[in-house]
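This is what each chain is made of:
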Amino acid sequence: VAHVPLSLDTTNPDAIEAGLKAHNNEYGKPLINSTSAEEERINAFMPLAAKYGAMIIGLTLSGSSLPQDANERCAIAVDILTKAAECGVPPEDIYLDPITLPVSVDQKQPMELVKAVKMMQDLNDPPMKTVVGLSNVSNGSPAHLRSLINRTFLIMLMTEGLTAAI
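Here, residues in each chain are numbered from 1, in the same order as that chain's written sequence. Given that the model is predicted, a residue must reach a pLDDT of at least 70 before its local features are reported, and side-chain atom pairs must reach 80 or more before they are shown or counted; all residues, however, enter totals for whole chains, interfaces and linings. Based on all heavy atoms of the structure, the side-chain values leave hydrogens and waters out of the count.

Participant: Can you walk me through helix α2 (residues 39-52) in this structure?
Facilitator: Starting at the N terminus, helices and strands are each numbered in turn, a helix being any DSSP run of H or I of at least four residues and a strand any DSSP run of E of at least two. Given a helix with a known number of residues, its expected span is that number minus one, times 1.5 Å. The end-to-end C-alpha separation of α2 is 20 Å, in line with the 20 Å expected for 14 residues at 1.5 Å each. Looking only at α2, the buried set comprises Ile42, Phe45, Met46, Leu48, Ala49 and Tyr52. Buried residues of α2 fall within an arc of 160 degrees about the axis and therefore sit on the same side. Exposed and oriented more than 90 degrees from the buried face of α2 are Glu39, Glu40 and Lys51. Each residue is placed in one exposure class: buried if its accessible area under a 1.4 Å probe, protein chains only, is under 20% of its type's maximum, exposed if it is over 50%, and partly exposed if it falls in between. Arc definition: directions from the helix axis to the C-beta atoms.

Participant: Can you walk me through the packing of helix α4 (residues 109-120) against helix α5 (residues 143-159) in this structure?
Facilitator: Relative orientation and spacing of two packed helices are given, respectively, by the angle between their axes and the distance between those axes. Only the contacting stretch of a helix is used when fitting its axis, a line to C-alpha atoms as for every element, and angles between N-to-C directions run 0 to 180 degrees. Interaxial distance between α4 and α5 falls to 8 Å at its minimum, and their mutual angle equals 25 degrees. In terms of their interaxial angle, α4 and α5 are classed as roughly parallel. As α4 runs across α5, the sense of the crossing is right-handed. For the pair formed by α4 and α5, the contact residues are Pro110, Met111, Leu113, Val114 and Val117 on the first element and Phe153, Met156 and Leu157 on the second. Classification used: nonpolar for Ala, Val, Leu, Ile, Met, Phe, Trp, Tyr, Cys and Pro, charged for Asp, Glu, Lys and Arg, polar for all others including Gly. Among the residues forming the contact of α4 with α5, the class breakdown is eight nonpolar, no polar and no charged. An angle below 35 degrees is treated as roughly parallel, one above 145 as roughly antiparallel, one from 65 to 115 as roughly perpendicular, and anything else as oblique. Crossing handedness is read from the near helix: turned anticlockwise from the far helix by less than a right angle, it gives a left-handed crossing, and turned clockwise, a right-handed one. Two residues qualify as a contact provided that any one of their heavy atoms is within 4.5 Å of a heavy atom in the partner residue.

Participant: When you look at the side chain of Glu112 in this model, what are you seeing that I'm missing?
Facilitator: Here Glu112 shows up in helix α4. Relative accessible area serves as the criterion here: at 14%, Glu112 is assigned to the buried category. Among residues more than four places away in sequence, those in contact with Glu112 are Gln68, Asp69, Ala70 and Arg73.

Participant: Is there a simple way to think about the nonpolar core in this case?
Facilitator: Among soluble globular proteins, nonpolar side chains are generally buried collectively. Throughout this description, the term nonpolar core refers to a set of buried Ala, Val, Leu, Ile, Met, Phe, Trp, Tyr and Cys residues connected via side-chain atoms within 4.5 Å. Ranked by size, the top nonpolar core spans 26 residues in total, and within it Leu20, Ile32, Ile94 and Leu96 carry the most contacts. For this core, the elements supplying multiple residues, two or more each, are α1 (13-22), α2, α3 (70-87), β4 (94-97) and α4. Examining the composition of this core, we find that seven residues originate from one element, α3, more than from any other. Those residues within four positions of Leu20 in sequence are excluded, and the remaining contacts are Leu8, Pro30, Ile32, Leu48, Tyr52 and Ala54.

Participant: Before we go on, may I ask you to explain the pattern of salt bridges in this structure?
Facilitator: Should the charged atoms of two oppositely charged side chains come close, the side chains can pair. Any Lys or Arg side-chain nitrogen found within 4 Å of a carboxyl oxygen on Asp or Glu counts as a salt bridge. What the rule picks out here adds up to four salt bridges. Between Lys29 and Asp93 there is a salt bridge whose closest N-O contact spans 2.8 Å. On the criterion of sequence distance, the pair formed by Lys29 in the loop between α1 and β2 (31-36) and Asp93 in the loop between α3 and β4 is long-range, its members being 64 residues apart. The class for Lys29 is partly exposed, based on a relative accessible area of 38%.

Participant: Got a minute to help me understand the environment of Ala70 in this structure?
Facilitator: Note that Ala70 resides in helix α3. Here Ala70 is in contact with Glu112, Lys115, Ala116 and Met119, once residues within four sequence places are set aside.

Below is the structure:
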């Protein structure tokens, strides 16, 4: 009904494919939100992105633990880009999400994310697109500080090349 590109957000590959089939490409490319480097997810979603010419968000998650630093996030991003190339998804159709962890959980994580966004700019020429779930950084923080934390973090990320925020 809407004359805009769709963002499809589910872990169900059949539902993603149904959405991709129904999408009207006259309004732009659909977006699959999201996959990760976990074998089951990347093997399900990356071929769908290639088949339907969709953009895709690649979460830098692999295995059962969260990435602890910028290097680990970028290593996972390389795995995502490798699988995308194998499936025929061009780099310009990929948004890398280096996973935002709350500052209230681990105060060093936001700076690792900023470093990761900067490093991801060097993974491809032209630079890779990046996206973050911005408000995740302030989860668990006092309500009166959340907007200040979010704004400050956004400016820091934009300075390093962040493309988009959710």
